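Survey of secondary and tertiary structure
The primary structure of each chain is shown beneath.
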Amino acid sequence: MISNEDILRYIRDYNQSQNREELESYCRKIERLFRRAGAQSRYVRDTGAGERAFDLLRDASRSAIADAGLVPRDIDLVIYCGIGRGFLEPANATFLVSALGIECDAFDITEACMSWARALQVAQGFLLTRSYARILIVNAEFSVYENGYPEIFKMRTDAEIAYTFPALTIGEAATATVVTWSPDAWKFRFRTRPQFASLCNLPLPGFRDFCLPDTKVGANGVHQLVAYSSELTQTASREMTSFVKAAYPDVSGIDIWFPHSSSESALKIMATRLGVGDRLYDKVFRKFGNLASASIPAAMCEATKEGSLERGMRVVLCPASAGMVFGLMEGIY
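What this report covers is the structure whose coordinates are included nearby. (Residues numbered from 1 in each chain as written. Predicted model: local features only at pLDDT ≥ 70, side-chain atom pairs only at ≥ 80, totals over all residues. Heavy atoms only, no water.)

1. Thoughts on helix H7 (residues 229-247)
Applied cut-off: Numbering of helices and strands starts at the N terminus; helices are DSSP runs of H or I of at least 4 residues and strands are runs of E of at least 2. Here the expected span of a helix is defined as 1.5 Å times the quantity of residues minus one. The classification of residues rests on relative accessible area computed with a 1.4 Å probe and restricted to protein chains. Under 20% of the type maximum is buried, over 50% is exposed, and intermediate values are partly exposed.
Here H7 spans 26 Å end to end across 19 residues, near enough to the 27 Å set by a 1.5 Å rise per residue. Those residues of H7 that sit buried are Leu-232, Thr-235, Ala-236, Ser-237, Glu-239, Met-240, Thr-241, Phe-243 and Val-244.

The following block contains the structure:
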């Protein structure tokens, strides 16, 4: 576990050659931003102890399969989704299938923080057509060391903090979800606003050959998150609020809402605007940080453990993602 205090200590250690007074002023700014967002802690791999992303993913998968009353050979499709990955090819899902000691179809889906929701939509389509019977959706959102550490601890100007600070709130997680056919199909709705695509980006080498010129894209260089937090929050809040109100003139019939968690304070404001109060689950960010596409499955797991989510509840998943993309997925849990 890494606390806000740990992050501030890393910043001080990484910038020892800087003017002490300026360094402390910078740390105070970051501390204020943590408080404003509601960040408290996040978890990352203990690489010094030999902790590996793949081992955690395999453990999560075995646990999910067992919790579903199944054994690995019962799974007939694995979908790997998310941002964290070790390979551009082959499909990351194939390595997990091999590690589980089974042979089944496997492929990847990637759409930033919307990836898990898209995988769920694709899985339901397969289940409704009886193409597959038992599908395992997994993600390994482990990218802290691959896309930022330790460079993100470098002191930034105020202008740079505006699009670099969110990287300090990123956490890591592996999730696994088993889905099977149900007579009550979920309803999926999406709204895409590509004009805001540059507000959040994580570029690969050569990225300039794959987009129109834009100073916001790749502002921190390759393998470095760029996220204009203020603009993202304002845009996401406005677009999601509009999306929900259009789809749900009456929100009273929904028992619990699960958003993507990138700022607890922003979620509380949105909950007030929508009139859903504490039915909008906002407890992931403060404890685990921004988990990218693992945010919603992690939230559902936490809510189940504490008794906030029970079978039979009417649920709406409402993630917002880079792109920008907004989703509403409604169904009975």
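On we go.
2. Re the nonpolar core
As a rule of thumb, soluble globular proteins bury nonpolar side chains together. In plain terms, the rule: Grouping buried Ala, Val, Leu, Ile, Met, Phe, Trp, Tyr and Cys residues that are joined through side-chain atoms within 4.5 Å yields what is termed a nonpolar core. In what follows, residue pairs with any heavy atoms lying within 4.5 Å of each other are defined as contacts.
Grouped together as the largest cluster of nonpolar side chains are 51 residues, with contacts concentrated most on Ile-11, Leu-168, Met-240 and Trp-257. For this core, the secondary-structure elements that each account for two or more residues are helix H1 (4-14), helix H2 (20-37), helix H6 (158-164), strand E9 (226-227), H7, helix H8 (264-274), strand E11 (314-318) and strand E13 (325-332). No other element matches the six residues that H2 contributes to this core. Setting aside its immediate chain neighbours within four residues, Met-240 contacts Met-270, Cys-318, Pro-319, Ala-320, Phe-326, Gly-327 and Leu-328. Ranked by size, the runner-up nonpolar core spans 36 residues in total, among them Leu-77, Ala-117, Phe-188 and Val-325.

3. Thoughts on the pattern of salt bridges
Let me state the cut-off plainly: Here a salt bridge means any side-chain nitrogen of Lys or Arg lying within 4 Å of a carboxyl oxygen belonging to Asp or Glu.
Applying the stated criterion across every chain, the model contains 21 salt bridges. Linking Glu-24 and Arg-20 is a salt bridge whose minimum nitrogen-to-oxygen distance equals 3.6 Å. You can see Glu-24 and its partner Arg-20 sitting in helix H2, four residues apart, about one turn around the helix. Arg-20 sits in the exposed class, given a relative accessible area of 53%. The salt bridge involving Lys-305 is made with Glu-302; its shortest N-O contact spans 3.9 Å. In this pair, Lys-305 and Glu-302 both sit in helix H10 (residues 295-306), three residues apart, roughly one turn of the helix. Residue classification places Glu-302 among the buried positions, given a relative accessible area of 17%.

4. Overview of the pairing of E13
Applicable threshold: In this description, strands pair whenever DSSP reports at least two bridges between them.
For E13, a buried count of seven out of eight residues is recorded, marking the element as mostly surrounded by other parts of the structure. Note: strand E7 (residues 187-192) against E13, six bridges, orientation antiparallel. Directly across from Thr-192, in E13, lies its bridge partner Val-325. Where E11 lies against E13, four bridges are found, and the strand directions are antiparallel. Bridged to Val-316 within E13 is Glu-330. Sheet analysis places strand E12 (residues 320-321) next to E13, joined by two bridges and oriented antiparallel.

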